[in-house]
Amino acid sequence: MESTVVHLLRHGEVSNPTGVLYGRLPGFRLSEAGEGMARRAAEWFTGRDVTYLVSSPLERARQTAAPIAEALDLPVAVDERLIEAGNAFEGTRVGGGAGVARRPRDWWKLRNPVRPSWGEPYVEIAARMLLAVEAARDAARGSAAVCVSHQLPIWTLRLHLQGRRYAHDPRRRQCGLASVTSVTYEGDRVAGISYAEPAGATDPDAVPGA
């Protein structure tokens, strides 16, 4: 069977001076450091037989895809299914002195961490991400594809593919900034999953929805 690799690239560091959970909000761009991460990721993909490049519609993801497109001379497709997870706390600070713990009116949103009750259900995230990755696989049969997405969607898909429970501690996600989670297919069958950090080791964000 022919082998195809789908690389799931998380975007680089975002400029977020107020420390809010930005989720799907517009206007959040890569920081200077994030732009550097994107360039190093592009270098990492050089020579890896990438023939298809697709991105989440959010600006930070498209910015991360841009150096790859330039380096590999590829167009950037956009797939809405790669978008960040929906989150009821968008635009607010969820940690520190202004966090959820100090806002009793928001406690009800945390009533079911398994679903989770504060945002898009994990099962729905996994389903749309699986469709996006399979579409990228089909577009790059026998070579490799890059899907630029976000931490929670990438991690949720990995949990799904590995048959693990969706409920998890966000601080324990193996999905650093500008990291690559690679899914290798033999035909249509998942044959392996690997992880790399071409931009160097970074700490995953402690808040969900990055």
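Numbering of residues starts from 1 in each chain and follows the order in which that chain's sequence is written. Only residues with pLDDT of at least 70 get local features here, since the model is predicted, and only at 80 or more are side-chain atom pairs given and counted; chain-wide, interface and lining totals rely on the full set of residues. Excluding hydrogens and water, the side-chain figures rest on all heavy atoms present in the structure.

## A short note on the overall build of the protein chain
Then step 1. Helix and strand definitions follow DSSP, with helices as H or I runs of at least four residues and strands as E runs of at least two, each counted in order from the N terminus. Within the protein chain one finds 4 helices and 6 strands.
Then step 2. Whether two residues are in contact is decided by their heavy atoms, any of which lying within 4.5 Å being enough. Pairs at least 24 residues apart make up 71% of the contacts formed inside the protein chain by residues separated by at least 6 positions.
Then step 3. To be clear on the numbers: accessible area is Shrake-Rupley with a 1.4 Å probe, and residue cover counts the displayed protein chains and nothing else. Accessible area of the protein chain: about 9600 Å², with a carbon and sulfur share of 51%.

## Overview of the confidence of the model for the protein chain
Then step 1. Residues with a pLDDT of 70 or more make up 86% of the protein chain, whose mean pLDDT is 89.
Then step 2. Values of pLDDT, the confidence the predictor places in each residue, fall between 0 and 100. A low-confidence stretch, residues 204–209 (pLDDT under 50), is modelled with 26 contacts involving residues beyond four sequence positions or located in other chains.

## Digging into helix α1 (residues 32–45)
Then step 1. Working rule for helices: expected span equals 1.5 Å times residues minus one. Taking 1.5 Å as the rise per residue, α1 with 14 residues should run 20 Å; its terminal C-alpha atoms sit 21 Å apart, in good agreement.
Then step 2. The rule is simple: take the accessible area with a 1.4 Å probe, protein chains only, and divide by the maximum for that residue type; under 20% is buried, over 50% is exposed, in between is partly exposed. Considered for burial, the residues of α1 that qualify are G34, G36, M37, A38, A41, A42 and F45.
Then step 3. Packing partners of the buried residues in α1 comprise β1 (3–10), β2 (50–55), α2 (59–72), β4 (144–149) and β5 (180–186).

## Considering the sheet that holds β2
Then step 1. Within the open sheet, the 6 strands sit side by side as β3-β2-β4-β1-β5-β6. Their pairing is mixed. Of all the strands in the sheet, the pair left with one neighbour each is β3 (77–78) and β6 (189–196).
Then step 2. One requirement defines pairing of two strands: DSSP has to find at least two bridges between them. As paired elements, β1 and β5 share 7 bridges and run antiparallel to each other. Bridge assignment links S3 to a residue of β5, and that residue is E186.
Then step 3. Interaxial angles span 0 to 180 degrees and are taken between N-to-C directions of axes, which are lines fitted to C-alpha atoms, for helices over the stretch in contact. Where α1 meets the sheet, its contacts fall on β1, β2, β4, β5 and β6, and the angle it forms with β1 comes to roughly 170°.
Then step 4. Set on the sheet, helix α4 (residues 151–161) makes contact with β1, β4, β5 and β6; between it and β1 the angle comes to about 140°.

## Details of the side chain of S149
Then step 1. Note on placement: S149 falls in strand β4.
Then step 2. The contacts of S149, once residues within four sequence positions are left out, are L9, R10, H11, S56, L82, M129 and I154.

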